[in-house]
Amino acid sequence: METKNEMSVATESPTARLARFGTKNAQVGVIGLGYVGLPLALLYSQKGFRTTGFDTDPAKVEKLESGQTYIRHIPASNIAAEKKENRFRATTNFEDLRQMDAIIICVPTPLDDHREPDLSYIRDTAETIQERLQPGQLVVLESTTYPGTTEELVVPILERSGLRSPIRPYSTDGHEVRDTDLEAIDFLVAFSPEREDPGNRLFQTHQIPKVIGGVNGPSARAAKALYSQVFERTIVVSSSRAAEMTKLLENIYRCVNIALVNELKLLCLRMGIDIWEVIEAAKTKPFGFTPFYPGPGLGGHCIPIDPFYLTWKAHEYELPTRFIELAGEINSAMPDHVVSSVIEALNQRKQCLKDSPILILGVAYKKDIDDLRESPSLRIIKLLQAQGAKVDYHDPYFPQLHKMRHYDFQHMKSIEISADKLGQYAAVIVATDHSSYDYDFIVRHARLVIDTRNATRSVKEHRDKIVLC
Ligand SMILES: NC(=O)c1ccc[n+]([C@@H]2O[C@H](COP(=O)([O-])OP(=O)(O)OC[C@H]3O[C@@H](n4cnc5c(N)ncnc54)[C@H](O)[C@@H]3O)[C@@H](O)[C@H]2O)c1
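Cut-offs applied
Residues numbered from 1 in each chain as written. Predicted model: local features only at pLDDT ≥ 70, side-chain atom pairs only at ≥ 80, totals over all residues. Heavy atoms only, no water. Helix = DSSP H or I, 4+ residues; strand = E, 2+ residues; numbered from the N terminus. Rg over C-alpha atoms; globule rule 2.2 N^0.38 Å. Buried < 20%, exposed > 50% of the residue type's maximum accessible area, 1.4 Å probe, protein only. Areas by Shrake-Rupley, 256 points an atom, 1.4 Å probe, with all protein chains shown as cover. Pairing = 2+ DSSP bridges. Axes fitted to C-alpha atoms, helices over the stretch in contact; angles between N-to-C directions. Contact = heavy atoms within 4.5 Å. Near = heavy atom within 4 Å. Polar contact = N/O pair within 3.5 Å; in protein donor to acceptor, adjacent residues only side chain to side chain. Domains from an automatic or database assignment. 1 Å grid on protein atoms, 1.4 Å probe; cavity = no way out; pocket = protein on both sides within 12 Å on 5 of 7 lines; lining within 4 Å. Points joined across faces, edges and corners; volume = space filled by probe spheres on them. Nonpolar A, V, L, I, M, F, W, Y, C, P; charged D, E, K, R; others polar. Phe/Tyr/Trp six-rings, centres within 6.5 Å; stacked < 30°, edge-to-face > 60°. Right-handed = clockwise from strand over helix to strand, strands pointing away. Salt bridge = Lys/Arg side-chain N within 4 Å of Asp/Glu carboxyl O. Disulfide = S-S within 2.5 Å. Lys, Arg positive; Asp, Glu negative; His and termini not counted.

Chemist: Give me the overall build of the protein chain: which residues, what numbers.
Modeler: When helices and strands are tallied, the protein chain shows 16 helices and 13 strands. Here the C-alpha atoms of the protein chain give a radius of gyration of 25 Å, agreeing with the 23 Å that 2.2 N^0.38 yields for 469 residues. Seen through its principal axes, the protein chain has C-alpha atoms that stretch 80 × 50 × 40 Å. Residue burial in the protein chain is summarised as follows: out of 469 residues, 54% are buried. Summing over all exposed atoms, the protein chain offers an accessible surface of approximately 21600 Å²; the carbon and sulfur share of this is 52%.

Following this line, the structure appears as structure tokens:
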């Protein structure tokens, strides 16, 4: 029996098929309801599309279906409002993919134990779609990955359905797509990188320009038609590979520049120069300089991981990506630098790290968010424990820690901060500069503060207790 989509597509002309993506009649499915997929699904829903979120995690789906949230910066009221309007629903039933006009993939792209791209989530998702693929459907990959993934991995899996989306060059001026011949094209495929920055209050998702690249002209055109309805600005590049590379360039640019300031920080420390003062002065230059800030190391799902997707792919072209490797080396040594600074500061006070109680403030990978993936704080805890320190932590967003891929801190619970408690630690390390911390209070009551973020810059008293590192 034909499904609803097969019937509607069969009676549509090719042009009408494409036009469907320029209307709110298109049904949108988002696969992977995490930090990226959930806000995206809600955005489509808020703009009037009937949107279905798909996830393999039944606990997440259950929460969303009862109007609750599991990501702090996405209010439950937003989810409940969309559910009330019957525009948004979440499900673990992937059979419903057949009913979707557009399917957007937002699944994880981590590194494996050998620090090589782990594409298993994308592969599994493409298989799941393939088994249910309908003619005329648009599939968009948003997960960050190396150039070529959409063409070389996603399209061949989807084509096992017997339907075709041939890879064909097309031209574009960034807005209009030429070469929109639908000849021999059964379904549409594009890549559009996600530029979500959790916790960034300056830009909402729809205000961040959306880059789009299709595997052929009709795919690029359909994706542009769909995204243009929810994003203020879209930019169409000439291939999915160019779109994939755009995202990597953005993240490698950050990774390399952070490594540069981290290296300069180490030099400035030896030279007795305050790197943060230098950055503040340098950023007064109205052109040619973008400020980046040193810290205890890289964190999050993107910057520590994405550059190595390109490094891996570059091997195929026998070209080493030396900037990426060097930046990775410098950034991943920063937690060791923090621990060395603690040892040195204790040493100057005739104390040693072994058996010393140490408090880490902040385990989230950056301020004011509830995400600890790849957080440098976790590495710092592990290094301190390896040296025999007795480590506690505090983080307003993590009352307790759970078992993670590389760490098992599930016995650890966030301590209560008080004047008495702060005074009990040999050193307090500011690893994440959450806005809710009262740094005057912390410095007043702590014996020694190792500040990795210059979070104590406005503290006036007891500066002799502060070590910037
Ligand atoms: N988090 C960010 O700030 C950010 C920013 C830009 C790009 N990205 C990229 O977006 C992608 C997703 O990242 P994220 O942070 O949202 O990840 P996440 O871990 O928060 O969410 C991924 C979701 O996918 C679900 N999932 C896993 N396998 C699945 C499958 N086979 N089918 C359906 N659902 C599945 C998980 O249960 C989870 O809910 C990654 O490629 C990441 O690099 C992330």
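Chemist: Give a description of the sheet that holds strand β3 (residues 88–91) that names residues and reports values.
Modeler: One open sheet accounts for eight strands, arranged β3-β2-β1-β4-β5-β6-β7-β8; its pairing is mixed. Either end of the sheet is taken by a strand with one partner, and the two such strands are β3 and β8 (234–237). The mean angle between the axes of side-by-side strands here comes to 25°, regardless of whether they run parallel or antiparallel. Sheet strands in contact with helix α6 (residues 120–130) are β1 (28–31), β4 (102–105) and β5 (138–141), and its direction is about 165° off that of β4.

Chemist: I'd like to hear about the site of the ligand, residue by residue, with values.
Modeler: Close to the ligand lie 26 residues, the nearest being Val36, Asp55, Lys60, Thr109 and Thr144. Within the side chain of Lys60, one N or O atom sits 2.8 Å away from an oxygen atom of the ligand. Side-chain polar atom of Arg373 to an oxygen atom of the ligand: 3.0 Å apart, as the coordinates give it. Protein chains bury 90% of the 830 Å² of accessible surface belonging to the ligand in isolation. Residues from two domains meet in the shell around the ligand; each of domain 1 (4–238) and domain 2 (242–332) gives at least three.

Chemist: Could you give an account of empty space enclosed by the protein, naming the residues involved and the relevant values?
Modeler: One pass over the full model with this rule turns up one cavity of 30 Å³ or more. What lines the largest cavity is Pro193, Glu194, Arg195, Glu196, Thr205, Ile208, Pro209, Lys210 and Phe231. Partitioned by chemical class, the residues of the lining of the largest cavity number four nonpolar, one polar and four charged.

Chemist: Explain the packing of aromatic side chains residue by residue, including any values.
Modeler: A complete count under the given rule lists nine aromatic pairs for this structure. Residues Tyr146 and Trp312 carry aromatic rings whose centres are separated by 5.1 Å and whose planes lie at 40° to one another, so their mutual orientation is tilted. Residue Tyr146 is located in the loop between β5 and α7 (149–159), and its partner Trp312 is located in helix α11 (residues 306–316); the two are separated by 166 residues in the primary sequence. For Tyr146, a relative accessible area of 7% translates into the label buried. Ring plane angle 50° and centroid distance 5.9 Å describe the contact between Tyr227 and Phe231, whose orientation is recorded as tilted.

Chemist: Please give an account of the pairing of β1 that cites residues and values.
Modeler: Residues of β1 alternate between two faces, with Val28 and Val30 on one and Gly29 and Ile31 on the opposite face, all of them buried. Relative to strand β2 (residues 51–54), β1 is paired through four bridges, and the arrangement is parallel. Opposite Gly29, over in β2, you have Thr52 as the bridge partner. In this fold, the crossover linking β1 to β2 by way of helix α3 (residues 37–46) has right-handed handedness. When β1 meets β4, the two strands line up parallel, connected through four bridges.

Chemist: Tell me about the layout of surface pockets, residues and numbers included.
Modeler: Considering only enclosed or pocket space, the second largest pocket measures out at about 530 Å³ in volume. What lines the second largest pocket is a set of 21 residues, among which His73, Ile74, Glu196, Gln204 and Thr205 lie closest to the centre. Tallying contributions element by element places α3 first for the lining of the second largest pocket, with four residues. Here the lining of the second largest pocket is built from residues that sort into eight nonpolar, eight polar and five charged.

Chemist: Explain the pattern of salt bridges to me, and be specific about the residues and the numbers.
Modeler: Throughout the structure, instances matching the rule amount to 17 salt bridges. Glu250 is the salt-bridge partner of Arg195, the closest N and O atoms lying 2.5 Å from each other. Of this pair, Arg195 sits in the loop between β6 (188–191) and β7 (210–214) while Glu250 is found in helix α9 (residues 240–271), placing the two residues 55 residues apart along the sequence. Two residues, Arg373 and Asp371, come together in a salt bridge whose shortest N-O distance is 2.9 Å. Note on Arg373: relative accessible area 33%, which makes it partly exposed.

Chemist: Kindly report on the sheet that holds strand β10 (residues 390–394), identifying the contributing residues and their values.
Modeler: Within a sheet, neighbouring strands are paired by backbone hydrogen bonds and run either parallel or antiparallel to one another. Across the sheet, which stays open at both edges, the five strands sit in the order β10-β9-β11-β12-β13 with parallel pairing between neighbours. A strand with exactly one partner marks an edge of an open sheet, and here the two such strands are β10 and β13 (466–468). Averaged over all pairs of adjacent strands, the angle between strand axes in this sheet comes to 20°, irrespective of strand direction. In the sheet, strand β9 (residues 357–361) pairs with β10 via five bridges, with the strands oriented parallel. Bridge assignment links Ile358 to a residue of β10, and that residue is Val391.

Chemist: With reference to specific residues and values, describe the state of the cysteines.
Modeler: Evaluated as defined, the whole model comprises zero disulfides. The closest cysteine sulfur to the non-disulfide-bonded Cys268 is located on Cys469, 14 Å from its own sulfur. For Cys268, a relative accessible area of 10% corresponds to the buried category. Here Cys352 stays free of any disulfide, with the sulfur of Cys469 as its closest cysteine sulfur at 19 Å.

Chemist: How would you explain the side chain of Asp55 if you had to name every residue and give the values?
Modeler: Within the secondary structure, Asp55 sits in the loop between β2 and α4 (58–65). Of the side chains bearing the opposite charge, Lys60 lies closest to the buried Asp55, which forms no salt bridge; the N-O distance is 5.0 Å. Not counting residues up to four positions away in its chain, the partners in contact with Asp55 are Gly32, Leu33, Lys60, Val61, Thr91, Thr92 and Phe94.

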